[in-house]
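Here is what each chain is made of, one letter per residue.
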2 protein chains.
Amino acid sequence: MKLSTKGRYGLRAMVDLALYSEKETVSLSSIAARQDISEAYLEQLMAKLKKAGLIISSRGAQGGYQLARPADTISVGDILRALEGDLDAVKCPGLSAEGCQTGDLCVTKYVWKKINESITDTVDEILLGTLVKESKKAREKHSTISEKKNIRESCSAKKEK
Amino acid sequence: MKLSTKGRYGLRAMVDLALYSEKETVSLSSIAARQDISEAYLEQLMAKLKKAGLIISSRGAQGGYQLARPADTISVGDILRALEGDLDAVKCPGLSAEGCQTGDLCVTKYVWKKINESITDTVDEILLGTLVKESKKAREKHSTISEKKNIRESCSAKKEK
DNA sequence: GCATAACCAAGCAAAATGGTTGGAATTAAA
DNA sequence: TTTAATTCCAACCATTTTGCTTGGTTATGC
């Protein structure tokens, strides 16, 4: 019942990309460096995002990635589905079909349906654009404090996992 | 991002137990048989449910399991947490603490929080008692049709996975 | 042409999943 | 008092998934 690093890293990469690719393209290595993710691994995630049509790339020198469409038209659900595949927490054969109404055998499908819906609803509701705006706001706020308190240090010390 | 068989089997077992243990205790083997789950595996799930205080057991001949409290006071969340552990889809160090407000690095935590909350809310809202009532209703409905159409067969044919 | 990029395919260790195996302890009934 | 039924317990194990790494190949701007 855990979201894998694919989803976690990938969403961070997309936010990063949205922040830095407004005019120019952004290289994989720069995202990897800023987000502290292995380049080779991130590459695989970018491939998935590209295949899903969320980002575009240009090869060769000065090449890199950009969002395929405005950040306001990309939902977190789009991103997570591209990376993790189907987000359904439970795949029950009876969920879409009619079958399995046989009493106690399948009341649980009601539960799985509710869980799936709640996840889908929440991730589809949050837009990349919103995250970008939040991020910019947080950055401004932070830069005014950062001279006095070095929060950054205490933060990056807590490595994920 | 998938619920494991622990959660799926375990919830089914709990519904089964609630349905059949109103007066007498119910043996592991009878639940396993009705729900078509391996006895030895279900045993491990029952151990978790017992440890979590959701069911009680009596050993020896004629022994078995019963709910520890009324089905209306047990939520699906209680059951799933007992079986799967923590239901948080993402464990971010910055989620509970103050840290990681450093701009783009951590806007994603807002997303993880929302996802976690939506899952928790939905599973805590559904009570075992409700499922039991639904199940009884479905069973009645079914028994009136079952003589003409044998839905049961088409259902059990679709084995999970 | 060469440095800088994206692209591609495979391999691989560690962890998690979904069980199985083989018993030991307890208890009601015969 | 035996015996059958039952929970309890502790390993073990095969397979799959995860989270990467390795070692290239193509494409392109300067």
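Just so you know, the residues in each chain are numbered from 1, in the order the chain's sequence is written. To read the labels, note that chains go from A and ligands from 1, taken in the order they are written. Note on the predicted model: pLDDT of at least 70 is required for a residue's local features to be given, and 80 or more for side-chain atom pairs to be given and counted; whole-chain, interface and lining totals, by contrast, use all residues. Just so you know, side-chain values use all the structure's heavy atoms and leave hydrogens and water out.

Asker: Just to check I follow, could you spell out the overall build of chain A for this structure?
Answerer: Of regular secondary structure, chain A possesses eight helices and two strands. Secondary structure elements of chain A, listed N to C terminal, follow the sequence α-α-α-β-β-α-α-α-α-α. Accessible surface computed for chain A: about 8,500 Å², of which carbon and sulfur atoms make up 51%. Strands are runs of DSSP state E lasting at least two residues, helices are runs of H or I lasting at least four, and both sets are numbered from the N terminus onward. In this description, accessible areas are obtained by the Shrake-Rupley approach with a 1.4 Å probe, and a residue is regarded as covered only by the protein chains that are shown.

Asker: What is the right way to read the packing of aromatic side chains from this model?
Answerer: Working definition: an aromatic ring pair is given by the centre-to-centre distance plus the angle between the planes. Residue and element names in this part refer to chain A. A pair of aromatic rings is counted whenever rings of Phe, Tyr or Trp (Trp by its six-membered ring) have centres within 6.5 Å, and the orientation is called stacked for planes under 30 degrees apart, edge-to-face for over 60 and tilted otherwise. Tallied over the entire structure, the rule returns two aromatic pairs over all chains. When the centroid spacing of 6.0 Å and the interplanar angle of 85° are considered together, the rings of Y9 and Y41 count as edge-to-face. Taken as a pair, Y9 in helix α1 (residues 5-20) and Y41 in helix α3 (residues 39-51) lie far apart in primary sequence, 32 residues in all. With relative accessibility at 21%, the residue Y9 sits in the partly exposed group. Each residue is placed in one exposure class: buried if its accessible area under a 1.4 Å probe, protein chains only, is under 20% of its type's maximum, exposed if it is over 50%, and partly exposed if it falls in between. Judged by relative accessible area, Y41 falls into the partly exposed class, the value being 24%. Two limits define a charge over a ring: the Lys NZ or Arg CZ must be within 6 Å of the ring centre, and within 35 degrees of the ring normal. The ring centre of Y20 lies 3.7 Å from the NZ or CZ of R34, which sits over that ring.

Asker: Would you mind going over unusual backbone geometry with me for this structure?
Answerer: Leaving glycine out, the prevailing phi sign among residues is negative, and the prevailing peptide bond configuration is trans. All names here are of chain A. Despite not being glycine, D36 shows a phi value in the positive range, around 55°. Topologically, D36 is positioned in the loop between α2 (28-35) and α3. According to the relative accessible area criterion, D36 is exposed, its value standing at 52%.

Asker: Honestly, the protein's contact with DNA strand D in this entry has me stumped. Any pointers?
Answerer: Note on definitions. A residue lies near a molecule or strand when any single heavy atom of the residue is within 4 Å of it. By nearness alone, 23 residues border DNA strand D, and A:S38, B:L28, B:E43, B:K50 and B:S57 come closest of all. When atoms of DNA strand D within 4 Å of the protein are split into backbone and base, the sugar-phosphate part holds 62%. The term polar contact refers here to a pair of N or O atoms within 3.5 Å; inside protein, the definition further demands a hydrogen-donor-capable atom paired with an acceptor-capable atom, and it admits residues adjacent in sequence only when both atoms are side-chain atoms. Contact between DNA strand D and A:Y9: a phosphate oxygen at 3.0 Å from a side-chain N or O atom of the residue. Between DNA strand D and the protein, one listed contact pairs a base oxygen with a side-chain N or O atom of B:R59 at 3.0 Å. For the surface near DNA strand D, the elements supplying multiple residues, two or more each, are α1 and α3 of chain A together with α3 (39-51), β1 (55-58) and β2 (64-67) of chain B. Examining the composition of the surface near DNA strand D, we find that three residues originate from one element, α3(A), more than from any other. For this classification, Asp, Glu, Lys and Arg are treated as charged, while Ala, Val, Leu, Ile, Met, Phe, Trp, Tyr, Cys and Pro are nonpolar and the rest, including Gly, are polar. A breakdown of the residues in the surface near DNA strand D according to their chemical character gives seven nonpolar, twelve polar and four charged.

Asker: Any chance you could explain the packing of helix α1 (residues 5-20) of chain B against α3(B) here in plain terms?
Answerer: For any two helices packed against each other, one specifies the crossing angle of their axes together with the interaxial distance. Residue and element names in this part refer to chain B. For the pair α1 and α3, interaxial distance at closest approach is 10 Å and the crossing angle is 75°. Judged by the angle between their axes, α1 and α3 are roughly perpendicular. Contacts from T5, K6, Y9, G10, A13, M14 and L17 of α1 reach α3 at Y41, L42, L45, M46, K48 and L49. In the contact of α1 with α3, the residues fall into nine nonpolar, two polar and two charged. Note on method: axes are straight lines fitted to C-alpha atoms, helices fitted across the in-contact stretch only, with angles between N-to-C directions ranging 0 to 180 degrees. Angle categories are assigned with fixed cut-offs, so that under 35 degrees is roughly parallel, over 145 is roughly antiparallel, 65 to 115 is roughly perpendicular, and the rest are oblique. Throughout, a contact is declared for two residues whenever any of their heavy atoms are within 4.5 Å.

Asker: What's the story with the protein's contact with DNA strand C in this structure? I'm lost.
Answerer: By nearness alone, 23 residues border DNA strand C, and A:L28, A:K50, A:S57, B:S38 and B:Q44 come closest of all. In DNA strand C, atoms within 4 Å of the protein come 63% from sugar and phosphate. Between a phosphate oxygen of DNA strand C and a side-chain N or O atom of A:Y65, the distance comes to 2.8 Å. Those elements that provide at least two residues to the surface near DNA strand C are α3, β1 (55-58) and β2 (64-67) of chain A together with α1 and α3 of chain B. The element that contributes the greatest number of residues to the surface near DNA strand C is α3(B), accounting for three residues.

Asker: Would you take a moment to explain the environment of A:S21 for this structure?
Answerer: All names here are of chain A. Checked against the element boundaries, S21 lands in the loop between α1 and α2. In sequence terms S21 and K141 are 120 residues apart; their C-alpha atoms lie 22 Å from each other. Within the structure, S21 has its side chain in polar contact with the backbone oxygen of L17 (distance 2.7 Å).

Asker: What exactly am I supposed to notice about the nonpolar core here?
Answerer: Note that soluble globular proteins tend to have their nonpolar side chains buried in a common cluster. As used here, the term nonpolar core means buried Ala, Val, Leu, Ile, Met, Phe, Trp, Tyr and Cys residues forming a set that is joined through side-chain atoms within 4.5 Å. With 85 residues, the main nonpolar core has A:M14, A:L128, B:M14 and B:L128 as its most contacted residues. Apart from the residues within four sequence positions on either side, A:L128 is in contact with A:M14, A:V15, A:A18, A:L67, A:A71, A:I74, A:S75 and A:I79.

Asker: In this structure, what is going on with the pattern of salt bridges? I would like to understand it.
Answerer: Pairing is possible between side chains of opposite charge, provided their charged atoms come close. All names here are of chain A. Salt bridges are defined as contacts in which a side-chain nitrogen from Lys or Arg sits within 4 Å of a carboxyl oxygen from Asp or Glu. A full pass over the atoms with the stated rule returns 14 salt bridges over all chains. Where E22 meets K136, a salt bridge forms, and the shortest distance between an N and an O atom there is 3.1 Å. Highlighted residues: E22 in the loop between α1 and α2 and K136 in helix α7 (residues 128-145), separated in sequence by 114 residues. Judged by relative accessible area, which is 34%, K136 ranks as partly exposed. Between K137 and E134 there is a salt bridge, and its shortest N-O distance comes to 3.4 Å.

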